[in-house]
Amino acid sequence: MVNNLERIKDSSLHSLVVGADEAALWIQDGMTLGLSGFTRAGDAKAVPFALVERGKNEKFKVNIFTGASLGSDLDKLLSEAGIINKRLPFQADATMRKNINNANHLFVDQHLSHTAEMIRSSVLPSIDFAIVEAVSITADGMIIPTTSVGNSLTFVSQAKNIIVEINMEHSELLEGLHDLYEPAEQGKREPIPLKKAEDRIGTIGIPFDSSKIKGIVFTNHKDSPSTIVPPDQETQEMANHLMEFLREEVKVGRLTKKLAPIQAGIGSVANAVLHGMIDSEFENLQVYSEVLQDSVFELMDAGKVNFASACSITLSAEKMEQVYGNLEKYRNQLVLRPQEITNHPEIIRRLGLIAINTALEFDIYGNVNSTHVSGTKMMNGIGGSGDFARNARIAIFVTKSTAKGGNISSVVPFASHVDHTEHDVDVVVTEQGYADLRGLAPRERAKLIIENCVHPMYKEQLRNYYEEALTRGGQTPHVLEKALSFHTNLAENGTMLEKVNSIV
Ligand code: COA
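Our subject in this report is the structure included herewith.

About the thresholds
Residues numbered from 1 in each chain as written. Predicted model: local features only at pLDDT ≥ 70, side-chain atom pairs only at ≥ 80, totals over all residues. Heavy atoms only, no water. Buried < 20%, exposed > 50% of the residue type's maximum accessible area, 1.4 Å probe, protein only. Helix = DSSP H or I, 4+ residues; strand = E, 2+ residues; numbered from the N terminus. Pairing = 2+ DSSP bridges. Right-handed = clockwise from strand over helix to strand, strands pointing away. Axes fitted to C-alpha atoms, helices over the stretch in contact; angles between N-to-C directions. Parallel < 35°, antiparallel > 145°, perpendicular 65-115°, else oblique. Left-handed = near helix turned anticlockwise from the far one by under 90°. Contact = heavy atoms within 4.5 Å. Nonpolar A, V, L, I, M, F, W, Y, C, P; charged D, E, K, R; others polar. Patch = residues over 30% accessible without salt bridge, like charges linked within 9 Å, V, L, I, M, F, W, Y side chains within 5 Å. Areas by Shrake-Rupley, 256 points an atom, 1.4 Å probe, with all protein chains shown as cover. Salt bridge = Lys/Arg side-chain N within 4 Å of Asp/Glu carboxyl O.

## Here's the deal with the pairing of strand S2 (residues 62–65)
- The side-chain alternation of S2 yields two buried faces, one formed by Val62 and Ile64 and the other by Asn63 and Phe65.
- In terms of strand pairing, strand S1 (residues 32–35) meets S2 through 3 bridges, oriented parallel. Among the inter-strand pairings, Gly34 is bridged to a residue of S2, identified as Phe65.
- Handedness of the crossover joining S1 and S2 through helix H2 (residues 46–55): right-handed.
- Relative to strand S3 (residues 84–88), S2 runs parallel, the two sharing 4 bridges. Looking at the pairing, Val62 lines up with Ile84 of S3.
- Chirality of the crossover, the property in question, places the unit of S2, helix H3 (residues 74–80) and S3 among those that are right-handed.

## Description of the packing of helix H7 (residues 233–251) against helix H8 (residues 268–276)
- H8 packs onto H7 with a crossing angle of 55 degrees between their chain directions and a minimal axis gap of 9 Å. In terms of orientation, H7 lies oblique with respect to H8. The crossing of H7 and H8 is right-handed. Every residue of H8 that contacts H7 at Thr235, Met238, Ala239, Leu242 and Met243 is listed here: Ser268, Val269, Ala272, Val273 and Gly276.
- The residue inventory of the contact of H7 with H8, partitioned by class, reads 7 nonpolar, 3 polar and no charged.

## Some details on a nonpolar patch on the surface
- Taken together, the side chains of Phe414, Leu480 and Leu484 present a nonpolar region at the surface, about 290 Å² in accessible area.
- Position of Phe414 among the secondary structure elements: in the loop between strand S24 (411–412) and strand S25 (427–430).

## A closer look at the pattern of salt bridges
- Scanning the entire structure with this criterion turns up 31 salt bridges.
- Salt-bridge contacts for Arg7 lead to Glu172; the nearest nitrogen and oxygen are separated by 3.7 Å. With a gap of 165 residues between them, Arg7 in the segment before helix H1 (20–25) and Glu172 in the loop between strand S7 (161–167) and strand S8 (206–207) connect regions that are remote in the sequence.
- Among the salt bridges present, the one from Glu80 reaches Lys76, with a minimum N-O distance of 3.4 Å. Here Glu80 and its partner Lys76 are both found in helix H3, 4 residues apart, which amounts to about one turn of the helix.
- Salt bridges here are not isolated pairs; linked through shared partners, they connect Glu117, Arg120, Glu182, Arg189 and Glu340.

Below, the structure is given as structure tokens:
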């Protein structure tokens, strides 16, 4: 293990250096931990790993709060170790998902901009230990975060104790990339002075009270690379439909070729959409998002994106090498902020974002389910999709029209769980086409969604449902006793199709 005290520029803190195993011993049953980490980037690693080891011989449970999902298989390991009481605000791990759905531990699925606010106002349990990954500690008392900011600023400002993990794998060139700003308490708050994606409004590091620093741990665990799935035919088709929609917006004069700052969720579709912009006529683009994936850096290389603001950088192994090996090249075009700021309603509305997120399913009126499979089983969580959709200039949801080899239609009569109501959903896109729902009444929406977005296998079934619903009347017609018939069919017959044999 490399132990480089030069990264702790305030020498009065040198005596606080400890091993991860020793630091993990300070954590007691019932405590709440605020861990750095957002979508595999910048997570505290050494102390959580040591805590997992401790859990093999000792019975204890802690609450784990983070920015979003953790990398290095930490969500899996913490969940398997049986040491979690409650986890929030997001996760994306198969083992943890299973444990959540089997009620082995609790999970609170939260809008990602809400966690910091709830900690500051004591709605959530207070943070006993903030454990945050850092590049270094400055001489004037600031923790320089690494590849994500997430909720670290609030964890550090609110925690009773702080453990800093200095990760020697990260270059000191990351210093200067971050912009840390924490709003004052509600009722005493000024407007957040961020008017453009590239504005800097805070400090380059996380200020801290040195009396709260309990220990400093050195580590050299790398961030986990993302596993980018290359665009397939369907994601490419979705990207094409979305571009078609954006071109229409430019044609009618609501947008220019610069579009508006773009937020794109994680995953293959978002990546395909952004990738598709490389060869497009769009230019001088800006990104104001949560996570920066490979495609944003490809757009920068192609001269299409001139600035990107986010709270985390999550890259494939290959891209990591390229970006972190050439940080000088990208530094002036990047800023990393707390997720409270990247996802803040005030700023999203002010900048007028185009928000692109993924749905599991949506219904014929445009209500979107992003989290619960068949209305009950947690997938990952709402993440920032609600923060963005509720406040964006244009809230777009994308999904393939079918899942599981065609046995599931992603367009259903009635969403089995609603994360984004019809009021927050502007455009829905599948590989079949798009439906621009803005300004449409429910009956107009249903027709457009069924005709433009549904897979041909399910079109007739949905038309029949809607026609029967019309005979019942109402502003938003439904046949209530059949509203979940697609889902009950799936549970009983393994397919949403009415006739099992009709799958091609
Ligand atoms: N019912 C059941 N399962 C479904 C489904 C449906 N209607 N639609 C998709 N799935 C399954 C897929 O089959 C796939 O399963 P697999 O992992 O076993 O292959 C899985 O869900 C993921 O679907 P995929 O089409 O590969 O999309 P994705 O990887 O982009 O994930 C979400 C889609 C919705 C799960 C994901 O985007 C998410 O968690 N979103 C919510 C959080 C969010 O939006 N974050 C970004 C905000 S900034």
